[in-house]
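# Coordinate inspection notes
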Amino acid sequence: MKVKTYLAFCIFFISCNMRPTPLLLGLLSIPTSTSVGSIVVSTISGNTNEFGVKATFSVALSANPSEAVNVCLSSSDTTNGGNIVISSPVSTASAPCNRPYLTFTSENGTRPQSVQVEGARGTVGVSNDTSYSIDLSTRSADSFFPDTVTAAVNIVNKNIDIPGSYFVRVNVTNLNGILTLRNNGSETLTLTSSGFNNFETALLDGSSFSVSVTSQPATQVCSVQGLPFGTLSGAHAVITFQCVNGYVFNGTLFSSSSPPTLSQSFANLATIAGSYPTVTSGFTNNTGTLARFNNPIAIATDGQFIYVADLSNSAIRKLNLGDNSVTTLATSPGPHGIATDGVNVYVSSFNNHIINKINISTGGVSLLSGQSGSSGNVDGGIGTSRLNVPTYLTTDGTNLFVTDRSNNQIKKIVLATGITSSLTLTGLNTANGITTDGTNLYIANSGNHTILRYNLNTLVQTTIAGTGASGNSDNATGSLATFNSPYGLTMDGSFLYVLEGTGRRLRKVSLSSPFAVTTFLTPASDGLLDGTVGLPGTARFCNTLNCDTSITTDGNSLFFSDRHNHTIRKITY
């Protein structure tokens, strides 16, 4: 009878998720145990040093608790740093710890949670390491994890003062994911959060460095501000990367990884910026038709803004697609072609024979290829490469592709290094518009009235549209259609859009064989007038001389720079 009573008590304790006493365990022939759980910590990763970068370690419990367990965190010395970052899963409140803490439950006790520590300790210029610890202790009603359970993570902030040597540092903003960088093609640095960090190895003063992106977050584009290479000269080098959400395609920034196909029910042409209805050139920052341009020859977009190569004003203008307001981003001599990766705008200066890179956040301008005022045909790095009348350009986020018009070549510029090389295309004749889907280049071979495709992997060149003779005939087979100086190019997921120069009309080419060609917009007559589109519609655009300008898409609409009317136009549905 007594055994039954004890048994009933045991069943009660177990069903209530409480631990039986040693006496009851003995009666049930279960071995007794007085052990308690422990805190499990990982090896620290990241490089903590006097620069104040971040380090990470993980914390877990040795077993799932029956009651919630809080693990309190504290730094042994925060005088010069060693601060615990308050970011999920790390919380802070007056209770239960009055300092940063982690919470573990019966469901996640053994699942590691990350803790990040940041802050410089030690003094740059003073040669010694500094040490401190992150101390951990439990707070819980669970008897298996009493308040006496503790652990510690020892951290050494490395001295970075090495006589005659310096470090390559990086500063990343807006990172959401994992960014992997490489220096000099060998040493790797993996980053998971924004802020400063540095490559582990110190380099001798006078050494060269070259930092490139090895991999980046799946939903972001991370590009360098300024130049990511150079030579150490008596100081640490700092390379700044900025990340934006989106995907580079067609020399523009899209919000989706698979570029959408535009609705083909084009209906109207509208002026969104520049003088209207009177044609007036100028240089005025304002909204919509109160703004003034002077020969806006090329445009690109990141989905929020249109960037305009305002040729005769030697300026890069910025058109806000939300309210059509126009501002000036930077000045650049004789801008002709333009492309963007969402972080930088890349601009060709046709009469100065150079390519400039302009950071969108700061407006800072740096040389990427060529030498100002010196034409030529030389492959190489910055300072040695030469171009001859570079016009239009596009980017896949890794490389920049440029129609080097007077050399009748397409140049490839590696964005990470500035190294310029020539692609193996032949038969170019006054090439202009260029666009890419990352696998193929499409080129408006204006002088031969054709559209070329060049596979960047196989290096195979084909003519997908145009007979080589001037004309304006459509055809279900692209190679049987005729063009009259195809000039501006852009593309969506299914079609290539072509703005003709002399022909002054908009055509589309199917990206699937046999590359059918269709005209969808011709002007009622030359001039400036909003209206319907068609063959012809009531809208007017371009002038009697030419329509030598560019076209782009944000994935929703088509835009083109009506150069000789000094306006930016939008094709609506």
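In short, a report on the structure.

Cut-off values and rules
- Residues numbered from 1 in each chain as written.
- Predicted model: local features only at pLDDT ≥ 70, side-chain atom pairs only at ≥ 80, totals over all residues.
- Heavy atoms only, no water.
- Helix = DSSP H or I, 4+ residues; strand = E, 2+ residues; numbered from the N terminus.
- Pairing = 2+ DSSP bridges.
- Axes fitted to C-alpha atoms, helices over the stretch in contact; angles between N-to-C directions.
- Contact = heavy atoms within 4.5 Å.

### Comments concerning unusual backbone geometry
- Here the bond from Ala95 into Pro96 is cis, since omega is 10°, no more than 30 degrees from zero.
- Turning to its location among the elements, Pro96 is positioned in the loop between strand E4 (83-84) and strand E5 (101-104).
- Phi is positive for Asn98, which is not a glycine, with a value near 60°.
- Residue placement: Asn98 occurs in the loop between E4 and E5.
- Backbone geometry places Arg504, a non-glycine residue, at a positive phi of 50°.
- Tracing the sequence through the fold places Arg504 in the loop between strand E39 (495-500) and strand E40 (506-510).

### Comments concerning the sheet that holds strand E32 (residues 409-414)
- As summarised here, the arrangement of the four strands in space is E30-E31-E32-E33, forming an open sheet in which the pairing is antiparallel. For this open sheet the edge positions go to strand E30 (390-395) and strand E33 (420-422), each flanked by a neighbour on one side alone. For this sheet, the mean inter-axis angle between neighbouring strands, taken without regard to orientation, is 25°.
- Here strand E31 (residues 399-404) pairs with E32 via six bridges, running antiparallel. Of the residues in E32, the one forming a bridge with Phe401 is Lys412.

### Observations concerning the environment of Gly380
- With respect to the helices and strands, Gly380 occurs in the loop between strand E29 (365-370) and E30.
- Each C-alpha atom of the pair Gly380 and Ile419 lies 5.4 Å from the other, and the pair is 39 residues apart in sequence.
- The contact partners of Gly380, leaving out residues within four places of it in the chain, are Ser385, Gly418, Ile419 and Thr420.

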